[in-house]
Amino acid sequence: MEALLHYVWKHRMLPLGDLLTTDGQLVEVIDPGLHNRNAGPDFFNAKMKIGGTLWVGNVEIHDRASDWYRHKHERDAAYNNVVLHVCGNVDTDEVLTADGRRLPQVQVTVPSQVSEHYEQLLHIDQYPPCYAIIPSLSPLMVHSWMSALQTERLEQKTQAIRQRVERCDGSWEAAYFATLARNFGFGINGDAFERWAASVPLSAVGHHRDDLFQVEAFFMGQAGLLELESVPERYRDGALTEGYFTRLRNEYLYLKHKFSLQPIDHHIWRFLRLRPQNFPHIRISQLAQLYFDRKASLSQIVDCQSVDQLLQALDTHATPYWQTHFLFGSESRRSEKRLSVASRRLIVINTVVPILFAYGRHRHDEQLCDRAFDLLEEMQAEQNHITRMWQQCGLGVTTAGDSQALIQLKNEYCNRKDCLRCRFGYEYLKKGAPVTPR
């Protein structure tokens, strides 16, 4: 398997004894190079001695030497700087670069224990497959890998935020609102909320910001929830009789004409297996109240210096009608339907921290980036099936930084069986599962 050859080369897990080219020259690997996961040679800027001569250049790895021609590298000038061809099976004596140079080739066998341990990781029934080795890992190694995963997750979220900024014509305020809205969907309705936020013209809403009723009409109308068809049939008569739905709808029709608005399709909202407090109507109402209270701005979030200040800034509740309803026409017991502290903590983790990190990168402000990491370390770990799984494996999960790192580990490595890029997987490949004494 070529990926395993990459791994053996990168970590120098080469067989014992001399490494020789097919024409008998001794190869001494000084630096295997930088692993390239994009187009081009597999390893950049490797350093090695071949037959006593020092070479600095690129390395290409294939299962079979003939793959060089199958991939048409002999026609690609990007491979002219390759200095060594590493293969699991040298099935052709000669490979040439586009400039006609003959490459030295070396055949590398993956050590048997590495192959065996990799097969175990791929086929073991327990999840995660490396569970048995977790308790034996050194705290320093675990901390290092968790820190790298935490940064990787923030970088990934930063890229998503940058794309939102581009879609918002460079407006960080609008991108923050879209990120906030997405996370008000709490997973199930995340995509729908982001699509809704993109349809809300904040510049237009800003003209009516002092009128909560008009803000709610803007928000509900753009969500498509002021279409009568969006109200479940059994509640339609009640919605029309109460009058609030009709008032909101009439106000929205005025605003729609004034600002040439186009609502999204109400069918994109998901209700199945949702708790009523997570219904889109309630979350949009809470966002309307937050916006009306002038708490939904990026500038205010940047000014907050602590978790407590952020939790206070994000404190919001449903607007008056929704304190006695979950849907139009369907009454419920009176409740403020305040955004819970647990929900606000998730908003800090998934909205505030990434936006501070991304905005800090944008402004070259290291203090904002550092504050993002500090917030994760100050907050308790999220409690979900992912963190519980790792805790059962013997891994300590204390802070939100830990839980974010482990979510990244599961989503980007375990789920993809990408053990070759995982440091836990690296330890397993080296040692295998610990033997349990009888």
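Below, the structure is looked at part by part. What you see is a predicted model; the values in this text were computed from it and never measured.

Calculation criteria
- Counting restarts for each chain, with residues numbered from 1 along the sequence as it is written.
- Thresholds applied to this predicted model are a pLDDT of at least 70 for local features of residues and 80 or more for the giving and counting of side-chain atom pairs; totals over whole chains, interfaces and linings are not thresholded and use all residues.
- Working from all heavy atoms in the structure, the side-chain values ignore hydrogens and water.
- A run of DSSP states H or I qualifies as a helix once it reaches four residues; a run of E qualifies as a strand once it reaches two. Both are numbered from the N-terminal end.
- Under the scheme applied here, a residue whose accessible area is under 20% of the maximum for its type counts as buried, over 50% as exposed, and between as partly exposed, the area being computed with a 1.4 Å probe on protein chains only.
- Note on contacts: a residue pair is in contact if any heavy atoms of the two residues lie within 4.5 Å.
- Note that accessible areas follow from Shrake-Rupley with a 1.4 Å probe, and for residues the cover is restricted to the protein chains shown.
- Distance and chemistry together define a polar contact, namely a pair of N or O atoms within 3.5 Å, with one atom able to donate a hydrogen and the other to accept it when in protein, and with adjacent residues in sequence counting only for side-chain atoms on both sides.
- Here, axes are lines fitted to C-alpha atoms. For helices the fit covers the stretch in contact, and angles between N-to-C directions go from 0 to 180 degrees.
- An angle counts as roughly parallel when it lies under 35 degrees, as roughly antiparallel when it exceeds 145, as roughly perpendicular when it falls between 65 and 115, and as oblique in every other case.
- Exposure above 30% relative accessible area and the absence of a salt bridge qualify a residue for a patch, where like charges join within 9 Å and nonpolar side chains (Val, Leu, Ile, Met, Phe, Trp, Tyr) within 5 Å.
- We define a salt bridge as a side-chain nitrogen of Lys or Arg found within 4 Å of a carboxyl oxygen belonging to Asp or Glu.
- Working definition: the arc comes from the directions between the helix axis and the C-beta atoms, pointing outward to the latter.
- We define a nonpolar core as any set of buried Ala, Val, Leu, Ile, Met, Phe, Trp, Tyr and Cys residues linked to one another through side-chain atoms lying within 4.5 Å.
- His is not counted, nor are the chain ends, whereas Lys and Arg count as positive and Asp and Glu as negative.
- For the purpose of locating charges, the reference atoms are NZ of Lys, CZ of Arg, CG of Asp and CD of Glu.
- A pair of strands is considered paired only if DSSP assigns at least 2 bridges between the two.
- What counts as a ring pair is set by centres within 6.5 Å for rings of Phe, Tyr and Trp (its six-membered ring), and what kind of pair is set by the plane angle: stacked under 30 degrees, edge-to-face over 60, tilted for all other angles.
- Definition used: whenever NZ (Lys) or CZ (Arg) falls within 6 Å of the ring centre and also within 35 degrees of the ring normal, the charge is taken to sit over that ring.

**Topic: the overall build of the protein chain**
Right, so step 1: Across its full length, the protein chain holds 18 helices and 9 strands.
Right, so step 2: With the principal axes as the frame, the protein chain shows a C-alpha extent of 90 × 60 × 45 Å.
Right, so step 3: A buried classification covers 51% of the 438 residues belonging to the protein chain.
Right, so step 4: Long-range pairs, those at least 24 residues apart, make up 60% of the contacts in the protein chain between residues at least 6 apart in sequence.
Right, so step 5: For the protein chain, the exposed area adds up to about 21,500 Å²; of that, 48% sits on carbon and sulfur atoms.

**Examining helix α8 (residues 212-222)**
Right, so step 1: For α8, a buried count of 11 out of 11 residues is recorded, marking the element as mostly surrounded by other parts of the structure.
Right, so step 2: Taken together, the buried positions of α8 are L212, F213, Q214, V215, E216, A217, F218, F219, M220, G221 and Q222.
Right, so step 3: Tucked into the core, α8 has its buried residues touching α5 (172-184), α6 (190-199), α7 (202-206), α10 (244-259) and α11 (280-292).
Right, so step 4: With a side-chain oxygen positioned 3.0 Å from the backbone nitrogen of F213, the residue opening α8 is D211.
Right, so step 5: One or two residues past the end of α8 sits G224, with phi positive at roughly 75 degrees.

**Details of the packing of α8 against α10**
Right, so step 1: Between α8 and α10, whose axes approach to 8 Å, the crossing angle comes to 80 degrees. Taken together, the axes of α8 and α10 lie roughly perpendicular to each other. Contacts from F213, Q214, E216, A217, F218, G221 and Q222 of α8 reach α10 at Y244, R247, L248, E251, Y252, L255 and F259.

**Details of a nonpolar patch on the surface**
Right, so step 1: The grouping of I30, L54 and V56 at the surface amounts to a nonpolar patch, some 260 Å² of accessible area in total.
Right, so step 2: Its relative accessible area of 34% is what places I30 among the partly exposed residues.

**What to know about the pattern of salt bridges**
Right, so step 1: The full count for this structure, using the stated rule, is 17 salt bridges.
Right, so step 2: Linking D315 and R338 is a salt bridge whose minimum nitrogen-to-oxygen distance equals 3.0 Å. Of the two residues, D315 is situated in the loop between α13 (307-313) and β8 (325-327) and R338 in the loop between β9 (330-331) and α14 (341-363); the sequence distance between them amounts to 23 residues.
Right, so step 3: Under the relative-accessibility criterion, R338 is labelled partly exposed at 37%.

**A closer look at helix α16 (residues 385-392)**
Right, so step 1: I386, T387, M389 and W390 are the residues of α16 that are buried. For α16, the angular spread of buried residues about the axis comes to 155 degrees, placing them on one side. In α16, the exposed positions that point more than 90 degrees away from the buried face belong to H385 and Q392.
Right, so step 2: One or two positions beyond α16, positive phi appears at G394, with a value near 100 degrees.

**Side note on the nonpolar core**
Right, so step 1: One finds L180, W196, F219, W269, I284, L287 and F328 to be the most contacted residues of the largest nonpolar core, which totals 78 residues.
Right, so step 2: For this core, the element with the highest residue contribution is α14, accounting for 10 residues.
Right, so step 3: For L180, the residues in contact, after removing those within four places along its chain, are L287, L290, A296, L314, I347 and T351.
Right, so step 4: Membership of the second largest hydrophobic core comes to 52 residues, among which are V27, A46, I50 and C393.

**A short note on a negative patch on the surface**
Right, so step 1: Together, D308, E366, D370, D374, E377 and E378 make up a negatively charged patch on the protein surface.
Right, so step 2: No other element matches the 5 residues that helix α15 (residues 366-378) contributes to the negative patch.
Right, so step 3: Looking at the secondary structure, you find D374 in helix α15.
Right, so step 4: A relative accessible area of 42% means that D374 is categorised as partly exposed.

**A closer look at the pairing of strand β5 (residues 53-64)**
Right, so step 1: As paired strands, strand β4 (residues 43-50) and β5 are joined by 6 bridges and run antiparallel to one another. Bridged to A46 within β5 is G57.
Right, so step 2: Counting the residues in the hairpin turn of β4 and β5 gives 2 residues, including G51, whose phi is positive at 60 degrees.
Right, so step 3: Here 6 bridges tie β5 to strand β6 (residues 82-89), and the two strands are oriented parallel to one another. When the bridges of β6 are listed, E60 appears paired with H85.

**Brief notes about the packing of aromatic side chains**
Right, so step 1: A full pass over the atoms with the stated rule returns 22 aromatic pairs.
Right, so step 2: Each ring, one from Y244 and one from Y321, has its centre 4.5 Å from the other, and the planes form 15 degrees; the classification is stacked. Taken as a pair, Y244 in helix α10 and Y321 in the loop between α13 and β8 lie far apart in primary sequence, 77 residues in all. In terms of burial, Y244 and Y321 fall into one category: buried.
Right, so step 3: One aromatic cluster is present, formed by F177, F193, W196, F219, W269 and Y291 through successive ring pairs.
Right, so step 4: Over the ring of F213 we find R247; its NZ or CZ atom is 4.6 Å from the centre of that ring.
Right, so step 5: Sitting over the face of the ring of F326, K337 holds its NZ or CZ atom 4.4 Å from the ring centroid.

Limitation: the analysis is restricted to geometry and does not speak to function.
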